[in-house]
Each structure stands twice: as C-alpha cells, then as structure tokens.
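Here is what each chain is made of, one letter per residue.
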Amino acid sequence: LCSARCGLALVLHVSLFVAYALRVSLSIAIVAMTNGSHPHSWSGSAPRGSYPGFSQDVSGKQMQITERRFPGSAPVYNWSAETQGIILSSFFYGYGLTQALGGYCSGLFGGKPVLGSGLLLSSVLTLLVPRAAELGMSFLIGLQVLLGLAEGVIFPAQYTLWAKWAPPLERSRLMNIADAGCTFGTFFALLVAGIICQSLGWPFVFYIFGGVGCAWCLCWFLLVYEDPAHHPWINAGEQEYIVSLLAHQGSSHGCSLPLVAMAKSLPLWAITIACFCTDWLFYMLLTSMPMFMSNVLHFDLRENGLLSSLPYIGNGLGHILAGLLADFLLARRVLGTAAIRKLFSALGMLLPAIFLVAVPYLGCSSTVVVVLLTLALTIISMTGAGININHIDIAPRYAGFLLGITNTFGIVAGIIAPTAVGLLISQDLQTGWRNAFFVSAALNLFGLIFYIAFGSGTIQDWAREDTAVQ
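Computed from a predicted model, the values in this text were never measured in an experiment.

**Details of the overall build of the protein**
Next, step 1: Across its full length, the protein holds 19 helices and zero strands.
Next, step 2: With 470 residues in all, the protein has 60% of them scored as buried.
Next, step 3: A fraction of 87% describes how many contacts in the protein between residues 6 or more apart in sequence connect residues 24 or more apart.
Next, step 4: For the protein, the accessible surface area stands at approximately 17,700 Å², while carbon and sulfur atoms represent 67% of it.

Right, here's the structure in full:
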C-alpha cells in the first residue's frame, strides 16, 4: 500500500475524480442556469474511457433543485430543451476527436505531461463557463467543445503511464482503483453541485470545481513521474521489480505506428467490437433507465435518492473488487491472462444482457425491474478487469493509442444508442422498450462471442520493439 505504484493509482484516482466532476458540472448546474427548464427527455451520452464513467445523466437528483430559489446574483437563461441538449452534447464532439491523438502524443511525449496538461486546461475552461454563458450560447457551445478536446487526452495518457508502471499481475487492481475515480467523481458532483447552486449560486459550481482542478494539477506535476527509473523516492527493490517485469515489452513508440498491422489484428478488433457493444448497453441503460422507470413503471426516482445513487456506488466498488479478484486469480495461476480477461468480460457483458431480456417480462413488478437494471449497471463494471485493460496485455507500447481508438468507437455507441431507443419507442411504448432491450442484449452477446473467439492475452508480434514498423 505504501509503494510508488499504489501511490500512482491513488493520484490517478483523484485526477479522474476531478476530471469527471468537471465534466458533469454543467449538466447539473444547467438546472439552476435555466431555473428548472431542464430537458427531462434528454440525457447526455458520453462513454467512459473506459468507462469513461457516468457522464451527463443525473436523473432525479437534478429535479430536486429545480423548484428552489437560487441566489439573485446568478443570471437565469431562457434556453429551450433543444438548446440545452445542443449545449450539453457539444462536449462530445471535442471529446471524440482527441482520443487517438491523446494516446499518440502520450506515447511520444509521455503520459504525465499530456494528462496533466489536459486536466489543467479542463480546469481553466471550467472557470470560464459563467463568462461564456454571459457572452451567449455560441460561446458556451464552443467552450464545451474545447473542454471535450482537453478531457479527451486524459484516459489514453493514463494507459500510457500504466504501461510503464503496472506489473502484469497487478494491472487489474491498480488500473481499476484509478478508474473508480470516474464514478465517484460523478457521484460527488451530483451531490455537491446542487447544494452549491442553492447556497451560493450556479457560477460557484464552476469556480469551485475549476479552482480545485487547478490546485490538483500542481499536485499532479509534483507527485507523478513518467516511469520508475525517473522516480527519485521509489524504493530500489520496487524499482527493480517493476523494471525487470516490464523489460520485455520495450519502450514507448516513436513517430511511426504499425497501422496496417493494427488494422489486421483480430485481437485488437475483438477488443474494439466488444467495447462498442458494451458501451452501447451501458449508455443505453444509463441514459434511458430514468425515462423507462418514469414512463413505463411510473416509478419516481426523485422520491428515493439512495436508489438513484446505487448505480454510481455499485459501479465504482465493482471496478475495485473486480480488479482485486482478477489479479488474485492471476497470481494463483488459476487461469492465464487471456482466460481471465475473457471470464470477466463474459460476466460483465452476459449477465447484464440476461437482465435486459428478463425486464420486459417483469413489467408488473417495478421493484424487481429497478433492482435488475441497477444490478446490470453494477455488474457491467467487471469488464474493467476484462476488455477495458486488455490493450496493455496485447500491445503495451501502444496502449494509449489503442485505448484512444477503442474509446472513440465507444463514444459513437454512446451517441447512437439513446437515439436508437428514441426511434424504437416512438411508435409503440411497450414494444419499443422490449425491442430496445433485446437489441442491446443481442449486441452484447455478439460482442462477447467475437471477443472470446479472437481475444488474446499475449503481446502481439507487431507490438514488439524489434518488429519493423509497417
């Protein structure tokens, strides 16, 4: 627990906590900015980076502050539901553009400066949100695009760092401890931003979150080192342990990438397709679950704050527990790396799919349906020890770049899924929801079968340092 690599996991946990608090701050504060005219039918759809995490949908918690009187000094804007949707979704146009670029740059210049710069820029841009809103909707949309561009580099850069720090038998728990910061950061922002809006006014959400982000960036640049060899305080035994275990994977990539070999790699395609299918189900659930509960089950999440928070708590804890269990099985040599990744991917993809198929047949029991959907969002976190970290297993030198590629596919899935749900339920509510659940379950099953068939746990030939770049 006192090792440098565990310290890095905690620092990355806090960094992702801050990044996701910045990311969702507008989606919460917009309730106060418009004095309650929030688009109830719209939810943002940004993937995690793995999990990205939860992003825009804050369900009932937002509604709790819609009828309060906000401090008179804070301006209120008359934005329509469509306008608010455009403002909130503009983040993802930038976010999708810098995923692969962030991974590429972190491979060239290092994960520390790329992640730190992205987080610092995100914090500064968050401080400017109130001013951009005053200048007009177009300025706010532009600022949100820039915020997406800045945050898009954070997850790929994190993977580049872990490729240099995480021993093979500790990757699952170290990376999942860090990733849990996404969920907890969103949950924290969900709870705190509403209180700030009520007591100080909505601009202070951005001033406080942005200020904390800037302060944390100072800690980031002081505490984090690119690799064990450059860490001045690391124990000599730990340094030798990490370096010796990772020596076979080679150094970070140069300017050229084996793009042709990557495009032909079935293990990489297996990860990509599985990530797309998983993110489709994940964001379909996250963004559409409140609407399903309200329209079909007539279940009001506003009356049960604990229930609306359970998916956040469950997903964060699930990440950590899955990582610990996966590394335990690897250390005991119960299964190999590929088998472990496929096992946890199967659990995280198959069980939620089964729950979705069961939901339409349990319509009369709203409590059971709510429990199943919450469990689905919790259990899907097990993919954190499967497909979500498999990039480092098959190509540690290019882990950041590959994560950027697969995350881009996940973003596309997260944008398409809620739209597809809207189209399916527009004709007939009951049949539409049943078909939406069946489609998501079928996609997840296809992605899992493809991953089990072609996934791998060993470094690919094209990812070795001595392989000629194509």
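**With respect to the packing of helix H5 (residues 111-127) against helix H7 (residues 137-151)**
Next, step 1: One way to put it is that H5 packs onto H7 with a least axis distance of 8 Å and a crossing angle of 160°. Considering the angle they form, H5 stands roughly antiparallel to H7. Along this stretch, H5 crosses H7, giving a crossing that reads as left-handed. Here H5 contributes Gly-118, Leu-121, Ser-122, Leu-125 and Thr-126 to the contact with H7, which in turn contributes Leu-143, Leu-146, Leu-147, Ala-150 and Glu-151.
Next, step 2: In terms of residue class, the contact of H5 with H7 is built from six nonpolar, three polar and one charged.

**Considerations on the confidence of the model for the protein**
Next, step 1: Within the protein, residue pLDDT values average 85, and 87% of them lie at 70 or more.
Next, step 2: Ranking the helices and strands of the protein by mean pLDDT puts H5 first, with 97, and helix H2 (residues 59-63) last, with 36.
Next, step 3: Predicted confidence for residues 37-70 stays below pLDDT 50, and this span has 130 contacts to residues more than four positions away or in other chains.

**Here's the deal with the pattern of salt bridges**
Next, step 1: All told, the structure shown has eight salt bridges when counted by the stated rule.
Next, step 2: The partner of Arg-131 in a salt bridge is Glu-134, with the nearest N and O atoms 3.1 Å apart. In this pair, Arg-131 and Glu-134 are both assigned in helix H6 (residues 129-135), three residues apart and thus about one turn of the helix distant.
Next, step 3: Residue classification places Glu-134 among the exposed positions, given a relative accessible area of 51%.
Next, step 4: Salt-bridge contacts for Lys-164 lead to Glu-226; the nearest nitrogen and oxygen are separated by 2.7 Å. Separated by 62 residues along the polypeptide, Lys-164 in helix H8 (residues 154-165) and Glu-226 in the loop between helix H10 (203-223) and helix H11 (236-246) bring together distant segments of the chain.
Next, step 5: Salt bridges here are not isolated pairs; linked through shared partners, they connect Arg-5, Glu-170 and Glu-238.

**With respect to the environment of Val-76**
Next, step 1: Inspection of the secondary structure assignment puts Val-76 in the loop between H2 and helix H3 (81-97).
Next, step 2: On the accessibility criterion, Val-76 (47% relative accessible area) is partly exposed.
Next, step 3: The spacing of Val-76 and Ala-133 is 57 residues in sequence and 9.9 Å in space, taken between C-alpha atoms.
Next, step 4: Ignoring sequence-local partners within four residues, the contact set of Val-76 consists of Ala-32, Met-33, Thr-34 and Asn-35.

**Quick look at the side chain of Glu-170**
Next, step 1: Here Glu-170 is to be found in the loop between H8 and helix H9 (171-199).
Next, step 2: Accessibility expressed as a relative area gives 7% for Glu-170, which makes it buried.
Next, step 3: A distance of 3.3 Å separates the side chain of Glu-170 from the side chain of Tyr-241, its partner in a polar contact.
Next, step 4: Ignoring anything within four residues of it in the chain, the contact list for Glu-170 reads Arg-5, Tyr-241 and Asp-327.

**A short note on the environment of Ala-163**
Next, step 1: In this fold, Ala-163 is placed in helix H8.
Next, step 2: Expressed as a C-alpha distance, the spacing of Ala-163 and Asp-227, which sit 64 residues apart in the sequence, is 9.2 Å.
Next, step 3: The contacts of Ala-163, once residues within four sequence positions are left out, are Leu-246, Gln-249, Ile-392, Pro-396 and Ala-399.

**Remarks on unusual backbone geometry**
Next, step 1: Of note, Arg-333 is a non-glycine position whose phi angle comes to about 60°, a positive value.
Next, step 2: Relative to the assigned elements, Arg-333 resides in the loop between helix H14 (305-331) and helix H15 (337-358).

**Considerations on a nonpolar patch on the surface**
Next, step 1: A surface patch of nonpolar side chains, amounting to about 680 Å² of accessible area, comprises Val-334, Leu-335, Leu-343, Leu-347, Leu-350, Leu-351, Ile-354, Leu-445 and Ile-449.
Next, step 2: Secondary-structure elements contributing two or more residues to the nonpolar patch are H15 and helix H19 (429-454).
Next, step 3: Looking at which element gives the most residues to the nonpolar patch, the answer is H15, with five residues.
Next, step 4: Here Leu-351 is to be found in helix H15.

**Topic: the packing of H15 against H19**
The description of two packed helices rests on the angle between their axes and on the distance between the axes.
Next, step 1: Orientation of H15 relative to H19, taken along the N-to-C sense of each, is 165°, at an axis distance of 9 Å. One element, H15, and the other, H19, form an angle in the roughly antiparallel class. For H15 against H19, the interelement crossing comes out left-handed. From H15, Arg-341, Lys-342, Ser-345, Ala-346, Met-349, Leu-350, Ala-353, Leu-356 and Val-357 reach across to H19, where they touch Phe-437, Phe-438, Ser-440, Ala-441, Asn-444, Leu-445, Gly-447, Leu-448, Tyr-451 and Ile-452.
Next, step 2: A breakdown of the residues in the contact of H15 with H19 according to their chemical character gives 13 nonpolar, four polar and two charged.

**Description of the environment of Gly-102**
Next, step 1: Tracing the sequence through the fold places Gly-102 in helix H4 (residues 99-109).
Next, step 2: Since its relative accessible area comes to 1%, Gly-102 is described here as buried.
Next, step 3: Between the C-alpha atom of Gly-102 and that of Phe-401, which follows or precedes it by 299 residues, the distance is 7.2 Å.
Next, step 4: Apart from the residues lying within four places of it in its own chain, the contact partners of Gly-102 are Val-114, Val-153 and Pro-156.

**Here's the deal with the packing of aromatic side chains**
Centre distance and the angle of the planes are the two values used to describe a pair of aromatic rings.
Next, step 1: Considering all chains together, one arrives at 17 aromatic pairs under this definition.
Next, step 2: Pairing Phe-282 with Tyr-283 gives two aromatic rings, centres 4.7 Å apart and planes at 85°, and the pair type is edge-to-face.
Next, step 3: In this structure Phe-282 comes out as buried when scored by relative accessible area, which is 0%.
Next, step 4: Lying over the aromatic face of Tyr-225, Lys-112 brings its terminal NZ or CZ to 5.2 Å of the ring centre.

**Concerning the nonpolar core**
Next, step 1: Met-33, Trp-162 and Trp-202 are the most contacted members of the largest nonpolar core, which has 75 residues in total.
Next, step 2: Ranked by the residues each element gives to this core, the list is headed by helix H1 (residues 4-33), at 18 residues.
Next, step 3: Non-local contacts of Met-33, meaning those with residues more than four positions away in its chain, are made with Leu-26, Pro-75, Val-76, Tyr-77, Trp-79, Ala-133, Leu-140, Trp-202 and Phe-206.

What counts and what doesn't
- Residues numbered from 1 in each chain as written.
- Predicted model: local features only at pLDDT ≥ 70, side-chain atom pairs only at ≥ 80, totals over all residues.
- Heavy atoms only, no water.
- Helix = DSSP H or I, 4+ residues; strand = E, 2+ residues; numbered from the N terminus.
- Buried < 20%, exposed > 50% of the residue type's maximum accessible area, 1.4 Å probe, protein only.
- Contact = heavy atoms within 4.5 Å.
- Areas by Shrake-Rupley, 256 points an atom, 1.4 Å probe, with all protein chains shown as cover.
- Axes fitted to C-alpha atoms, helices over the stretch in contact; angles between N-to-C directions.
- Parallel < 35°, antiparallel > 145°, perpendicular 65-115°, else oblique.
- Left-handed = near helix turned anticlockwise from the far one by under 90°.
- Nonpolar A, V, L, I, M, F, W, Y, C, P; charged D, E, K, R; others polar.
- pLDDT = per-residue confidence, 0-100.
- Salt bridge = Lys/Arg side-chain N within 4 Å of Asp/Glu carboxyl O.
- Polar contact = N/O pair within 3.5 Å; in protein donor to acceptor, adjacent residues only side chain to side chain.
- Patch = residues over 30% accessible without salt bridge, like charges linked within 9 Å, V, L, I, M, F, W, Y side chains within 5 Å.
- Phe/Tyr/Trp six-rings, centres within 6.5 Å; stacked < 30°, edge-to-face > 60°.
- Lys NZ or Arg CZ within 6 Å of the ring centre and 35° of its normal.
- Core = buried A, V, L, I, M, F, W, Y, C linked by side-chain atoms within 4.5 Å.

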